Amino acid sequence: MAHIIVVGNEKGGSGKSTTTMHLATALARMGHRVGGLDLDLRQKTFGQYVTNRLRYAAAKEITLQSPNYIELPEISNADLNPSENLMDRRLSGAVEELEPQSDFIVIDCPGSHTRLSQMAHAMADTLITPLNDSFIDFDLLAKIKSDGITVQGPSVYSEMVWSARQLRAEAGLAPLDWIVVRNRLGTQNMINKQKMADAIAVLSKRIGFRIAPGFGERVIFRELFPRGLTLLDLKDLGINQLSMSNIAARQELRELVKALKLPNVSVAF
């Protein structure tokens, strides 16, 4: 059985696709068979990244370890069973296609609530929720009082994850491992940063997720996207002089993969 990793958050701009791209590529480079799906059927940032990567490798006549990305299959309504949902069938069909040839299936979800995203969360063995270091983003997880500390209760996204957990339990599946990844952390020890850390720590115990450090805000991620590259590929391309920012970004990826505690994965990059 492939281990399904879902990267989800109902708010755009949190770094979901950046996280998906780097994680899928890192696992592939470590020798794992990685399948990939993009459930943002309009923008398809992850899908475009893989297309860019394959095109660049072909143009340069080089081999780049890459996830095996596929589109969701097209299915006619006439082929559905009574009461079967079209999007459910498309997603399950894609997973069934990838599973025999994958150790991991990495799924990038859209920044909105959709049927596809909801069902992907119920499939997840590991759920990664990137979160910007802002109480605007935190509001998606929980409602908080004006003191910036006291958590009043879970919000819409947390309730959706709770529903996904219930569906998994009803199906006899193992509980999902939920990790909230803090992206774009400031380098200075500011009051807001500490308040965010305190609030997330309280909420993690209340609704059951782990916390992991994510990626800083770095221009290099945007610069590499048109070629479908990550920082892990640069040395293979003969680029040995990495800036301090690039070295820090590699370390961030290493720490993230380590924190996920994925099965049969040892960090070796």
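Look up: the structure comes first, before these words.
Conventions adopted
Residue indices follow the written sequence of each chain, beginning from 1 at its first position. Local features in this predicted model are restricted to residues of pLDDT 70 or higher, and side-chain atom pairs are both shown and tallied only at a pLDDT of 80 or more, whereas totals for entire chains, interfaces and linings draw on every residue. Side-chain measures were taken over the full set of non-hydrogen atoms in the model, leaving aside hydrogen atoms and water. Nonpolar cores are built from buried Ala, Val, Leu, Ile, Met, Phe, Trp, Tyr and Cys residues. Side-chain atoms within 4.5 Å join them into one set. Buried, partly exposed and exposed residues are distinguished by accessible area as a fraction of the type maximum, computed with a 1.4 Å probe on protein chains only: under 20%, between the cut-offs, and over 50%, respectively. Put simply, DSSP marks the helices as runs of H or I at least four residues long and the strands as runs of E at least two long, and each gets a number from the N terminus on. Contact criterion: two residues are considered in contact whenever any of their non-hydrogen atoms come within 4.5 Å of each other. A pair is scored as a salt bridge if a Lys or Arg side-chain nitrogen falls within 4 Å of a carboxyl oxygen belonging to Asp or Glu.

### Looking at the nonpolar core
Within the largest apolar cluster, 39 residues are counted, with the highest numbers of intra-cluster contacts made by Ile-5, Leu-23, Leu-27 and Leu-262. Those elements that place two or more of their residues in this core are strand 1 (3–7), helix 1 (16–29), helix 2 (45–60), strand 4 (104–108), strand 8 (177–183), helix 8 (219–224) and helix 9 (244–260). Excluding anything up to four places from it in sequence, Leu-27 contacts Ile-5, His-32, Val-34, Phe-104, Val-106, Leu-262 and Val-265. Counting residues in each nonpolar core, the second largest holds 36 residues, with Leu-127, Leu-141, Val-151 and Phe-209 among its members.

### Observations concerning the pattern of salt bridges
Enumeration over the complete set of coordinates arrives at 12 salt bridges. Measuring nitrogen to oxygen at the nearest pair gives 3.1 Å for the salt bridge that ties Asp-103 to Arg-33. Linking Asp-103 in the loop between helix 3 (86–98) and strand 4 with Arg-33 in the loop between helix 1 and strand 2 (34–38), this pair joins segments that are 70 residues apart in sequence. By relative accessible area, Asp-103 is classed as partly exposed at 27%. According to the relative accessible area criterion, Arg-33 is partly exposed, its value standing at 41%. Across the salt bridge formed by Arg-168 and Asp-125, the nearest N and O atoms sit 3.2 Å from each other. Within this pair, whereas Arg-168 is found in helix 6 (residues 156–170), its partner Asp-125 is found in the loop between helix 4 (115–123) and strand 5 (126–132), the two being separated by 43 residues in sequence. Judged by its relative accessible area of 3%, Arg-168 falls in the buried class. Of the residues examined, Asp-125 reaches a relative accessible area of 21% and is grouped as partly exposed. One connected set of salt bridges, linked through shared partners, spans Arg-29, Arg-53 and Asp-233.

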